[in-house]
Amino acid sequence: MTWLARLVVLSGLLFAACSGGGGGETVDAMGGDATPDAPTMFAFDYTPSWGGVQTVEVFGAFGQATDWTMPFMTLTAAAGGYTGTAMLSPGPHPYILHVVGDGDAGGRAATLSRYAVDPASVAVTSCPAGPSYSATAMNPCAVAQLGPTAPRQHIHGRVVKAGVGVAGFLVSLDRAETGYGSYFVDRVTTGADGTYDFQAAAGAYRLIVQHPQFESSNDAQLSPDTLGIVRQIQTNAFTVEGEAGIALSDAEVGFPDYAKLMPRTTGTLPTTFMFGNSTDATQLQVYGTAKAGTGDEIGSAWFVSAAVKNGSAIFDGTFTTAQATETVVAKGERYFWGIQRAAPADVNGIIWTTQSLVYPLTWN
């Protein structure tokens, strides 16, 4: 919806409210003027930066018996975005967006489901623990509240392979406020020159760049030696404030060191993993194989070594992270392994951390 069309819609709602037809004044979900104690017409407006979206729903705290368990409303597709209005009682209303569909997800293109923090929201608060969009109460929700509409800043940069911009990489923007878990906001696919550009309200964010088949293929289907690229590369949290936004340093996704990674296929314990000397601090990561019940995708690492620069790390078969569902290696069971490297901070304090594609490994 263009700004002019949006203005016409909201002006019509305001006229109806003032004429007794709406019972309140009209404001954006993020701002506007309203009588403090009067019901207010809020306008939700989300424009995903990726293609193939099927539906966008709003979940939240709106004073209804179905809060957080059923959609409060389904937004209407309009000019590439999704919009909707609703009369809300006074006070802040935490909410989250449920977005279904992603044209880059292959066989899951019509069903891939995400929950998203509205990029228009400056304020965030805790989502309730329990529902599928929040495993803990420390994941952030947007907040619909009165006040001036928040300006949005550009968060932009370039994805490169061997220094040359590359198309087709998936770049996600996460909200990353202190005290909260990092949570999805929006996603773009890099253009022919490797560039990406998000627009979001002031706040703390991080970026995650993933290979083009990240959503359409599982980890077992991706050959590190053939592809020669990273699984993903992500930043630390950074703050966006003021109207200038932020330009990030290039995200390098080429990975020329796969030939150095050993062992392949099978191993014996304790295992010495070789990955070549690096000037960047490198960690060995060992993964379980039961994500989503497929046995073909990794989740969070079950073992992470200390950071080294000598090109090797030893694993004794004991899993040490909170995400591990086993305590020790089971012989004959398939696992995966890879490495993670953190580059030095750039002039903006941004640290790009690279995660390699992974190799399957079974211990005898």
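Up top you'll find the structure we're talking about.
Residues numbered from 1 in each chain as written. Predicted model: local features only at pLDDT ≥ 70, side-chain atom pairs only at ≥ 80, totals over all residues. Heavy atoms only, no water.

Describing the packing of aromatic side chains
Stated precisely, the cut-off is as follows: Here a Phe, Tyr or Trp ring, Trp counted by its six-membered ring, pairs with any other such ring whose centre lies within 6.5 Å, and the pair is stacked when the planes are under 30 degrees apart, edge-to-face when over 60, and tilted otherwise. Comment: elements are numbered from the N terminus, with helices defined as DSSP H or I runs of at least four residues and strands as E runs of at least two. Burial status follows relative accessibility: with a 1.4 Å probe on protein chains alone, a residue under 20% of its type maximum counts as buried, one over 50% as exposed, and anything between as partly exposed. Two limits define a charge over a ring: the Lys NZ or Arg CZ must be within 6 Å of the ring centre, and within 35 degrees of the ring normal.
In the structure shown here, the tally under the stated rule is 21 aromatic pairs. Arranged with centres 5.2 Å apart and planes meeting at 85°, the rings of tryptophan 302 and phenylalanine 319 form a pair that is edge-to-face. With tryptophan 302 in the loop between β23 (281–287) and β24 (303–304) and phenylalanine 319 in the loop between β25 (312–315) and β26 (334–342), this residue pair connects regions lying 17 residues apart in the sequence. As far as burial versus exposure is concerned, tryptophan 302 and phenylalanine 319 are alike and both buried. Pairing phenylalanine 303 with phenylalanine 315 gives two aromatic rings, centres 4.8 Å apart and planes at 50°, and the pair type is tilted. Here the residue phenylalanine 303 occupies a position in strand β24, and phenylalanine 315 occupies one in strand β25, the gap between them amounting to 12 residues. Over the face of the ring belonging to tryptophan 50 we find arginine 114, whose NZ or CZ atom lies 5.0 Å from the ring centre.

Details of the side chain of threonine 235
To keep things clear, this is the line we draw: Should any heavy atoms of two residues lie within 4.5 Å, those residues are considered in contact.
Within the secondary structure, threonine 235 is located in strand β17 (residues 230–235). Filtering out sequence-adjacent residues up to four positions away, threonine 235 remains in contact with Arg206, Leu207, Leu248, Ile350, Ile351 and Trp352.

Let's talk about the pairing of strand β10 (residues 140–144)
Under the convention used in this document: Paired strands, as defined in this entry, are two strands with at least two bridges between them according to DSSP.
Here β10 lies mainly inside the structure; five of its five residues are buried. Two strands pair when backbone bridges link them, and strand β7 (residues 93–100) and β10 are joined in this way by three bridges, in the antiparallel orientation. Directly across from tyrosine 95, in β10, lies its bridge partner alanine 142. Pairing geometry for strand β9 (residues 124–126) and β10, over three bridges, is antiparallel. Following the sheet pairing, valine 124 is matched in β10 by alanine 142.

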